[in-house]
Amino acid sequence: MSTLAKSSVLVLGLVAGLASAQAVRSEKNMSLELANQLASGTLASCAANGYNVAVTVVDRAGTVRAVQRADNAGPHTLEASRLKAYTSASAKNSTLAIMEASQKNPAAANLGSIPGYLLLGGGVPVKAGDEVIGAVGVGGAPGGHLDEQCAVAAIAKVQSQLK
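Residues numbered from 1 in each chain as written. Predicted model: local features only at pLDDT ≥ 70, side-chain atom pairs only at ≥ 80, totals over all residues. Heavy atoms only, no water.

Applying the stated rule across the entire model yields five salt bridges. Of the charged contacts in the structure, one is a salt bridge between Arg 82 and Glu 79, with a shortest N-O distance of 2.6 Å. Note that Arg 82 and Glu 79 are positioned in helix α3 (residues 76–91) at a spacing of three residues, about one turn of the helix. Taking the shortest distance from any N to any O, the salt bridge between Asp 147 and Lys 84 comes out at 2.9 Å. Here the residue Asp 147 occupies a position in helix α5 (residues 144–157), and Lys 84 occupies one in helix α3, the gap between them amounting to 63 residues. A relative accessible area of 4% places Lys 84 in the buried class. Overlapping salt bridges bring together Arg 25, Glu 27, Arg 60 and Glu 131 as one network. (Salt bridge = Lys/Arg side-chain N within 4 Å of Asp/Glu carboxyl O. Helix = DSSP H or I, 4+ residues; strand = E, 2+ residues; numbered from the N terminus. Buried < 20%, exposed > 50% of the residue type's maximum accessible area, 1.4 Å probe, protein only.)

What follows is the structure, given as structure tokens:
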């Protein structure tokens, strides 16, 4: 075999190896333990302010990992919290920011018509570094901004685990 042919085979082998290495990805995701901590922490934060809420925590794919509902939370709060968590994880942004952007920008006005999206405050992404690994959704406080505050407080308490 000529040197050129050997070199070509070697280069093709290296390129194929690199291509296959890129076919498999490693991603950070949310553990069940972390999801339960976030759900409990969010519920406690809202309860401390007198809000009876439901909390749903989803992983990076929007799959439910943990759910908690206060004793006196309304029946609608459970689905609202799930949709807010899903929307936040999917868009990698807070639902309050998405809602405000859709109200101010006519090009984003149809975001609310995406199946499964709920553009009300209360959905907050959970990040490990710069990577979104899930989201917390809260429903039931007297305002989406208050739902969001509860989630932000719970995320702050577990921040050391998100490195």
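Tracing the chain through its elements places Thr 87 in helix α3. Classification of Thr 87 by relative accessible area gives buried; the value is 0%. Among the polar contacts made by the side chain of Thr 87, one reaches the main-chain amide nitrogen of Leu 118 at a distance of 2.9 Å. If sequence neighbours within four positions are ignored, Thr 87 has contacts with Thr 95, Ile 98, Gly 116, Tyr 117, Leu 118 and Leu 119. (Polar contact = N/O pair within 3.5 Å; in protein donor to acceptor, adjacent residues only side chain to side chain. Contact = heavy atoms within 4.5 Å.)

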